[in-house]
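Analysis of the macromolecular model
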Amino acid sequence: MWSPFKKSSGLVLPEGGVDLWDERGFSYNGVSYEGMGNMALGMSPDANPLSASRPTVTGDLASMVAAAQPNSVVSAAIVTRSLVLSQLWPEYQDWKTGKRFRHGDLGIFERPGANTTLSRIWAEAEVSQSYTGNSYIWLDRARNRLRVLRPDFVSVVLASDALEADVSKAQGAPAGERAQAVEFALSAEVVAYAYQPSEFVEAIIIPAEDVAHWVSEPHPTSHWLGASWVTSCVREIVAEEQADVYADKFFEQGATPRLVYKMDPRLSSTQAAAFKKLNEEQSAGLYNSHKTLYVGGATDVEVVGTRLGDLALEKFRAMLESRISSRSRVPPQILQIAAGNSGSSLNGGNYEASRKQFADLFYAPYADGLMAAMQHLAPGPKGKPAQLSWDPKRVLLLQQDLLDAAEVIGKNMSAIRSGIDTGYNPDAMVTAVVSGDLRNLVGQHSGKFSVQLLPEGLNSLDANGVPVAEEMLKKNQDKEKAASAPKVKDEKDD
């Protein structure tokens, strides 16, 4: 039974008596505190057998990992997601201007602890996210380090305002109903996380402000928890395992169809058993495949069943792999599965389209969600509205997008220059182009129209660079020409 008042936890509650409910919750001065197990897998407690030789999925993390990790496509998807996430580098972004900057609070990411790196922290968080739908990243302020907690050892502690009468009623209710009453209360909020790696040790209560609880996919029936994408692929994992077992059995039997021997009915049971033993020694098994089969007289051999190729296992596996790829959000071309390595899928244009889809529809919002969850561990400068963001220039997956962004910037600069040349205020042009709203240009014209931005009607420059009207310029030029012309001597002057 764990207590919320462990001094080492830092969880501070008002003074008064505590009525412990049980090992998963307590009430205090009319306030109900309920511990909620991670429930992350969303599996029923009933066992779902994969095969006779494989473990069962019973709803806990260990059985899920044991069942899903041997699946090469699931493992490849998790590794791919981890690799791209490991390149994430946090930075702050100003809410108003969008400018990115660094701050001292980012130091915890630069030095997340001894014998670890930020890339590993992100990779561990991704593994927890894939298998359970929840990642708990703890800021150990005493040691100034980050640590990813194993999700099935963590329980979310909720608090809700409740009347004493309601508390009394809830105390007599089953644990599930009691937790539900607190979890879905309108006043419910997360106040702490309970970490208990074993039932033989007391749980440690960690304040909510020291834990970043990252949920990328909300659980459909539990507001405070996330859902695992691997869990929704259990059917595909089971089906692929069964296909593997079938193929293994096929090769164990000599990579040939099943045979039925019709022996001479006059043979004794001893003779039939001896024939069977000799035949299996010479013909059965993987290393006896494709040998010539010899049978005795009056023995008829008949093939039953179908050949391995007739079952189209390759297409069946490709279908399962595509479904796992779709659920993991990693496109087949990037995951390097059969569907992404055949036909038109190999075209460069298709790969680029898949890469962009992966970056736009998965990576960008995924990384944004992680940074939002980490925000309260590294709040940034006080008094300056800024969000914890990430640097896209450090993510190799997004390099082509940076080139596309450079093209967009070039076009924006051309539009700004064009607007300035036609007489609009430069700052107003920047605002209009960046926002995409030309209404910002209303009332911002300078009244100058030509390329040289001359006042209306003054469309030429004189010799001193002063704007003048074209007619006035011509008169001035005639006067200057006349003044510079040589004078003709008058005869009277002689």
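Being a predicted model, the structure only gives us computed values, none of them experimental. Within each chain, residue numbers correspond to sequence positions counted from 1 in written order. With the structure being a predicted model, the display of local features is reserved for residues of pLDDT at least 70 and the display and counting of side-chain atom pairs for 80 or more, all residues being used for whole-chain, interface and lining totals. Each side-chain value is derived from all of the structure's non-hydrogen atoms; neither hydrogens nor water enter the calculation.

A few points about the packing of helix H2 (residues 72–85) against helix H4 (residues 118–132)
How we decide: Lines fitted to C-alpha atoms define the axes, with helix axes restricted to the stretch in contact, and inter-axis angles between N-to-C directions lie between 0 and 180 degrees. A run of DSSP states H or I qualifies as a helix once it reaches four residues; a run of E qualifies as a strand once it reaches two. Both are numbered from the N-terminal end. Should the near helix be turned anticlockwise from the far one by less than a right angle, the crossing is termed left-handed; should it be turned clockwise, right-handed. Note on contacts: a residue pair is in contact if any heavy atoms of the two residues lie within 4.5 Å. Side-chain classes are defined by residue name, with Ala, Val, Leu, Ile, Met, Phe, Trp, Tyr, Cys and Pro counting as nonpolar, Asp, Glu, Lys and Arg as charged, and the others, Gly among them, as polar.
Direction vectors running N to C along H2 and H4 enclose 145°, while the axes themselves pass 8 Å from each other. In this structure, the crossing between H2 and H4 has a hand that is right-handed. Where H2 abuts H4, its residues Ile78, Arg81, Ser82 and Leu85 lie against Trp122, Ala123, Glu126, Val127, Ser130 and Tyr131. Of the residues that constitute the contact of H2 with H4, the class distribution is six nonpolar, two polar and two charged.

Structural notes on the packing of aromatic side chains
Basically, it comes down to this: Ring pairs are drawn from Phe, Tyr and Trp, using the six-membered ring of Trp, whenever the two centres fall within 6.5 Å, and their geometry is named by plane angle: stacked under 30 degrees, edge-to-face over 60, tilted for the rest. For a ring to carry a charge above it, either NZ of a lysine or CZ of an arginine must fall within 6 Å of the ring centroid while also lying within 35 degrees of the normal to the ring plane.
For the structure shown, the criterion picks out eight aromatic pairs. Three or more aromatic residues link up through ring pairs in this structure, and these residues are Trp214, Phe358, Phe362 and Tyr366. Taking NZ or CZ as reference, lysine 384 lies 4.0 Å from the ring centre of phenylalanine 101, over its face.

A short note on the sheet that holds strand S16 (residues 386–390)
What counts is decided by this rule: A pair of strands counts as paired when DSSP detects no fewer than two bridges linking them.
Strand order across the open sheet formed by three strands is S7-S6-S16, with antiparallel pairing between neighbours. At either margin of the open sheet sits one strand with a lone partner, and together these are strand S7 (100–101) and S16. Of the strand pairs in this sheet, strand S6 (residues 90–94) and S16 are connected by five bridges, and their pairing is antiparallel. Bridge assignment links proline 90 to a residue of S16, and that residue is tryptophan 390.

Here's the deal with the sheet that holds strand S13 (residues 211–214)
The strand order across the open sheet formed by three strands is S9-S8-S13, and the pairing between neighbours is antiparallel. Single-partner strands in this sheet number two, and they are strand S9 (145–149) and S13. Strand-to-strand twist across the sheet, computed as the mean angle between neighbouring axes with direction ignored, equals 20°. Note: strand S8 (residues 135–140) against S13, four bridges, orientation antiparallel. Bridging across to S13, tyrosine 136 finds its partner in histidine 213.

With respect to the confidence of the model for the protein
This is how it is decided: Values of pLDDT, which run from 0 to 100, indicate the predictor's confidence residue by residue.
Model confidence for the protein is summarised by a mean pLDDT of 76, while 68% of its residues fall at 70 or above. For the protein, strand S1 (residues 18–22) is the element with the lowest average pLDDT, namely 31, and S13 is the one with the highest, namely 97. Predicted confidence is poor over residues 1–33, with pLDDT under 50, and the contacts of this stretch with residues over four places away or in other chains come to 100 contacts.

Remarks on H2
For an α-helix, the turn length of 3.6 residues means that residues three or four places apart are oriented alike. Basically, it comes down to this: In a helix, the anticipated span is given by 1.5 Å times the number of residues less one. Summary of the burial criterion: residues with accessible area below 20% of their type's maximum are buried, those above 50% are exposed, and those between are partly exposed, where the area comes from a 1.4 Å probe applied to protein chains only.
Between its terminal C-alpha atoms H2 stretches 20 Å, which fits the 20 Å expected from 14 residues at 1.5 Å a residue. Listing the buried residues of H2 in full gives Val73, Val74, Ala77, Ile78, Thr80, Arg81, Ser82, Val84 and Leu85.

Things to note about the side chain of asparagine 71
Relative to the elements of secondary structure, asparagine 71 occurs in the loop between helix H1 (61–68) and H2. Sequence-distant contacts of asparagine 71, defined by excluding residues within four places in its chain, comprise Ile237, Glu240 and Ile324.

Thoughts on the pattern of salt bridges
For the record, the criterion: Any Lys or Arg side-chain nitrogen found within 4 Å of a carboxyl oxygen on Asp or Glu counts as a salt bridge.
Per the counting criterion, the structure on display carries 18 salt bridges. Residue arginine 323 is joined to glutamate 236 by a salt bridge in which the shortest nitrogen-to-oxygen separation is 2.6 Å. Of this pair, arginine 323 sits in helix H9 (residues 313–328) while glutamate 236 sits in helix H7 (residues 234–252), placing them 87 residues apart in sequence. You can call arginine 323 partly exposed: its relative accessible area is 43%. The class for glutamate 236 is buried, based on a relative accessible area of 7%.

Let's talk about the side chain of histidine 213
The condition that has to hold: Polar contacts, as used here, are pairs of N or O atoms within 3.5 Å; protein pairs need one atom able to donate a hydrogen and one able to accept it. Residues neighboring in sequence count only if both atoms are side-chain atoms.
Relative to the assigned elements, histidine 213 resides in strand S13. At 2.8 Å, the side chain of histidine 213 forms a polar contact with the side chain of asparagine 134. Polar side-chain contacts of histidine 213 include one of 3.4 Å to the side chain of tyrosine 193. Once residues lying within four places of it in the same chain are set aside, the contact partners of histidine 213 are Asn134, Ser135, Tyr136, Val156, Tyr193, Trp224, Leu225 and Ala373.

Some thoughts on the pairing of S8
Counting buried positions over the six residues of S8 gives six, a clear majority of the element. Residues Ser135, Ile137 and Leu139 point to one face of S8 and Tyr136, Trp138 and Asp140 to the other, with burial holding for every one of them. Between S8 and the antiparallel strand that follows it, S9, lie four residues; asparagine 144 among them carries a positive phi value of about 55°.

Topic: unusual backbone geometry
When glycine is set aside, most residues are seen to have a negative phi, and most peptide bonds are trans. One non-glycine residue, asparagine 115, lies in positive phi territory at about 60°. Along the polypeptide, asparagine 115 turns up in the loop between helix H3 (107–110) and H4. On the basis of relative accessible area, asparagine 115 is assigned to the exposed category, the value being 77%. Backbone geometry at asparagine 144 places phi at a positive 55°, although glycine is not the residue there. With respect to the element layout, asparagine 144 can be found in the loop between S8 and S9.

Points about the environment of asparagine 425
Along the chain, asparagine 425 turns up in the loop between helix H12 (399–421) and helix H13 (426–435). With 20 residues separating them in the primary sequence, asparagine 425 and histidine 445 have C-alpha atoms 6.1 Å apart.

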